[in-house]
Structure formats: C-alpha cells, structure tokens
Amino acid sequence: MTIDCALALLDSTALAVATSGTGVWDRDVAAGRIYYSPEWQTMLGYAVGEVSNHIEDAYNRVHPDDLAYVQTTIAAHFDNRTSAYEVQHRVRCKNGSYKWVLSRGKVVARDDAGKALRMTGVTTDISETVALSEKLRESAALLTALTDEVPGMVYQYRQDADGRARFTYASAGIRHIFGITPNEARRDASLAEARVHPDDIDTYRGSLAISAATLERWHLEFRVLLPGLGERWCEVDATPRRLADASTVWHGFISDISAHKQLEQRLHDAAATDFLTGLPNRRHVMARMELELARIQRDPTALTAVMMFDLDLFKSINDRYGHAMGDEVLKHFSSMLELELRKVDSVGRIGGEEFAIILSGADMEDAARFAERVRARLAGAPLAFGATSITITVSIGIAAMLATDDSINNSLSRADAALYEAKQDGRDRVKIAA
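The sections below set out a description of the structure shown in this document. (Residues numbered from 1 in each chain as written. Predicted model: local features only at pLDDT ≥ 70, side-chain atom pairs only at ≥ 80, totals over all residues. Heavy atoms only, no water.)

Time to look at the side chain of Thr248. Take Thr248: it is sitting in strand E10 (residues 248–256). Only 2.6 Å separates the side chain of Thr248 from the side chain of Arg242, close enough to count as a polar contact. Beyond its immediate chain neighbours, meaning those up to four positions away, Thr248 contacts Tyr157, Arg158, Gln159, Ala212, Leu215, Pro240, Arg241 and Arg242. (Helix = DSSP H or I, 4+ residues; strand = E, 2+ residues; numbered from the N terminus. Polar contact = N/O pair within 3.5 Å; in protein donor to acceptor, adjacent residues only side chain to side chain. Contact = heavy atoms within 4.5 Å.)

Here we come to the sheet that holds strand E5 (residues 116–125). Sheet strands pair via backbone hydrogen bonds, and the direction of the pair is either parallel or antiparallel. Pairing is antiparallel in the open sheet, where five strands are placed in the order E2-E1-E5-E4-E3. Of all strands in the sheet, those bounded by a partner on one side alone are strand E2 (33–36) and strand E3 (85–92). Neighbour-to-neighbour, the strand axes of this sheet turn through a mean angle of 30 degrees, independent of strand direction. Relative to strand E4 (residues 98–110), E3 runs antiparallel, the two being bridged by eight bridges. (Pairing = 2+ DSSP bridges. Axes fitted to C-alpha atoms, helices over the stretch in contact; angles between N-to-C directions.)

Turning next to the pairing of E3. Side chains of E3 alternate between two faces, with Tyr85, Val87, His89 and Val91 buried and Glu86, Gln88, Arg90 and Arg92 left unburied. The antiparallel hairpin formed by E3 and E4 contains five residues in its connecting segment, where Gly96 sits at a positive phi of about 95 degrees. (Buried < 20%, exposed > 50% of the residue type's maximum accessible area, 1.4 Å probe, protein only.)

Turning our eyes to something else, we now look at helix H16 (residues 364–379). Side chains three or four residues apart in an α-helix point the same way, a direct result of the helix having 3.6 residues per turn. Between its first and last C-alpha atoms H16 spans 22 Å; for 16 residues at 1.5 Å apiece the expected length is 22 Å, and the two agree. Along H16, the positions that sit buried rather than exposed are Ala367, Ala368, Phe370, Ala371, Val374 and Leu378. Projected down its long axis, H16 carries its buried residues within an arc of 160 degrees, all on one side. Residues of H16 that are exposed and point over 90 degrees away from its buried face: Glu365 and Ala376. Of the surrounding secondary structure, the elements contacted by the buried residues of H16 are strand E11 (304–311), helix H15 (323–340), strand E13 (354–360), strand E16 (394–400) and strand E17 (430–432). (Expected span 1.5 Å × (residues − 1). Arc of directions from axis to C-beta.)

Once that is clear, we can look at the packing of aromatic side chains. Counting across every chain of the model gives 10 aromatic pairs. Summarising the aromatic geometry, the rings of Tyr36 and Trp40 are spaced 3.9 Å apart at their centres and angled 25 degrees between planes, so their arrangement reads as stacked. For Tyr36, a relative accessible area of 5% puts it in the buried group. Look at Phe309 and Phe333: their rings are 6.1 Å apart centre to centre, the planes differ by 55 degrees, and that puts the pair in the tilted class. Of this pair, Phe309 sits in strand E11 while Phe333 sits in helix H15, and the two are 24 residues apart along the sequence. Considered together, Phe309 and Phe333 belong to a single accessibility category, that of buried residues. Three or more aromatic residues joined by ring pairs form one cluster here, namely Tyr155, Tyr157, Phe167 and Trp250. (Phe/Tyr/Trp six-rings, centres within 6.5 Å; stacked < 30°, edge-to-face > 60°.)

A word on empty space enclosed by the protein. Per the stated rule, a full pass over the model turns up four cavities of 30 Å³ or more. In this structure, the largest cavity spans a volume of roughly 270 Å³. What lines the largest cavity is a set of 18 residues, and nearest its centre among them are Ile34, Ala58, Tyr85, His89 and Ser103. Sorting the residues of the lining of the largest cavity by element identifies strand E1 (22–28), E2, helix H4 (55–61), helix H5 (64–78), E3 and E5 as the ones contributing at least two each. No other element matches H4, which puts four residues into the lining of the largest cavity. Residue composition of the lining of the largest cavity, by class: 13 nonpolar, three polar and two charged. Within this model, the second largest cavity holds a volume of roughly 60 Å³. Along the walls of the second largest cavity sit Tyr155, Tyr157, Phe167, Phe178, Tyr204, Leu208, Trp218, Val236 and Ile254, which together make up its complete lining. (1 Å grid on protein atoms, 1.4 Å probe; cavity = no way out; pocket = protein on both sides within 12 Å on 5 of 7 lines; lining within 4 Å. Points joined across faces, edges and corners; volume = space filled by probe spheres on them. Nonpolar A, V, L, I, M, F, W, Y, C, P; charged D, E, K, R; others polar.)

Right under this line is the structure:
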C-alpha cells in the first residue's frame, strides 16, 4: 500500500472526526508502517508530517508500563482471537508529556492463511475522562458537579440479593443515553432497561448477570431506541463490588459511541469496496460465495448460479481512447449490472475487466435469462464519447454451485471455463458450463 493511498483513506474520514478529539490510523502490517490522519498528529502536538510512519516508533511512543498490554491485545486480534482491537493506554506527546487515549481498530485484510495484512482504526483522546475519574475517586463530594459536565453517563447501580435493582446515582448524561431524567432512573431502574434495543436486551441482561456472579468488569456495546431519535450505539464500562449484605454495586460510565460505529462501518465498507466502480471487491465476493456454498451444502436442494463477466476487447478500448475512458467503461458496465440485480444477489469486480455475480436461488435457465438481459441492456446503451459513442459487449460464463463442491473454486473454475468458451466462439455471448 502506498503512502498516497493511505493518506487518501485517512482524508476521506477527516470531516467525520475533525472536532471529535479523534484521529484515524491505517497500519500496513506487512510493511511495518502506520499512517496517521492530520487530526491524530495534532492531537499529540505534532505538526502534520512530523510523525514517523515506522511501527517501531509508534510502540516507542506508548508508555512503558502500557506497552506489553498494547502489544498483547494487538497480537490477540491479529491471531483472530478477538473480533476487534480496543485498548486504553498512555501515549507520549511531542512535548514529552503523556495523554490517555482509547484506541480501537480492526484487521480489514488478511492473506489466504489468515495472516493480518492491514488494520485500520481510530484513537480518541480520553485524557480528560481519565483525569475526571481520578478526581471522582479522590472526592465523592464533587461527584454531581463534575459528572454532569461529562459527555456521557456516570452512574452507580445497585442490585440487591433478592434481585431488586435501582440507580443510586445517575449523572445528567442519562438524558442523552436513555432519554430519562436522573430522578426517573432512581425511582424506576427498569425505565432505562426498557430503552435497550430488543435485539440486544438478552445480551445486556446476560452480561450484567455474569458480571454480578463473577465480579468481573462489565463491558458491553449495545443499542438503545429513543423516542423520536431512533437507534444509538452505547458502551458501558463498570466495575462491580459485593457489599456485606450480598448486594452488588456497579460504578461505571456509559458513553454514546454512535459516531465511532459509523466511522467503523465506513472503514469496513472502504476495505470491501472497489474504489473505481463502487461495487464490492474480490474479497467481499469470495466471502459471499463461501456463505452461499455453506447454505447449499446444508440444503442440497437449494440453487445458486455463479456467473463470470468479461468485457470484450477492453484492452483495445484502453489503447484507442486512453485509460480514463477505460475507467468510464468499467463504471458504465457496473451500473448496467446493478440495474438487473435483486436484493438477494451479490456482485463484485474481481479484477481488471472481470466481474462476478452470485444469483441465489437461480437455476441455469434463470441465470441465462439474467445474462441475456445484461448483454442486451449493455448493447442498447453505448457509452457517449464526444461526438461518437462506444459500443460495449460482454462475454458471460455460467455455472451451478453444487453441494458436492469442495470449495468455491470449483464453481468459479466451471464458470471461468464457460467464459473462455464464450470468448473462443466469438465473444458477445453467453455460455453455460457443461
């Protein structure tokens, strides 16, 4: 991955994080380099371009007491033992001081053996939150005055031995998190739980029960549904303590992480999308095929067609009109494909002028009709180029995905062989694998 490519990715998310105290990073694992957004650099007091991209320098900036924890957490995610990387730690600023930050990241590219190739994420300055937590421990008398200024919800939650529960304290941030007032929370704790998303409520209750039983830190990401505001993502981090009367008390913090989730999704989408056409890329299509093969193998009566498309004489178009026009041809064809797709179908650019489509639930006749519609639509919509127009044709190979296939390569090879036959027979035609 080039520096220009990395910086382009970082710049694409800059507007989303410009005022949030958050910086974006993109790590090329194989090359041992990491690229930082301008916000990340200025967060630590550096001018843009002053920060080294070597991973060794990144680790040198981590506080010595936190380094082993950071590296162990990254290694666990690289080894696929965790779904994401997340760690709070201290990092050295340009002036030699340290800031507390929260770093979140995820591997977005692996090689065929599962080895991590690329990891992207965000780092948020949480120095003020950490400092505030220290002050709260030092002086409970300042609790209300301080916590009501925190963007999020600071709280104390008590669960009696008989199961009855209540908020013994909730900061003003509970209005933003659960849409209720601190007084309402103290009177009836179930009002907050009622706002948890129905799809997350069982996980929410279960993880709280585990924390109560084991006295382990309660950490969970969950969604809430607020009247008139819709869905938000929240994160709870709380420490339980058993009291002499067998009740359990949690002291914790709930924050709104919706912006982080949106950024995470954008980074994920960027890693799975072909930059030129906007279609899913090869990695995404292959993953979708794996799911489809698993479905076929569970139900041998199920149907799926695999289709390979290759634009005819594409090199000649590039040679005659230039690569910029070649790019326009690829985008034009991509739009033709999308017009024919159903919601259950999957499409992707798998390289150069080659595209693949997975037609879920389709037999060979269905797939052939689909292919002919695409071919006819493309032939009837030449691409305008100045005073002339460029007629584009496509060759198409079709194969059935079978429950007996050992891997997705079987159906891909059959479709590719049919595509080759279409090319050999004169192009601009559809062939079905024997």
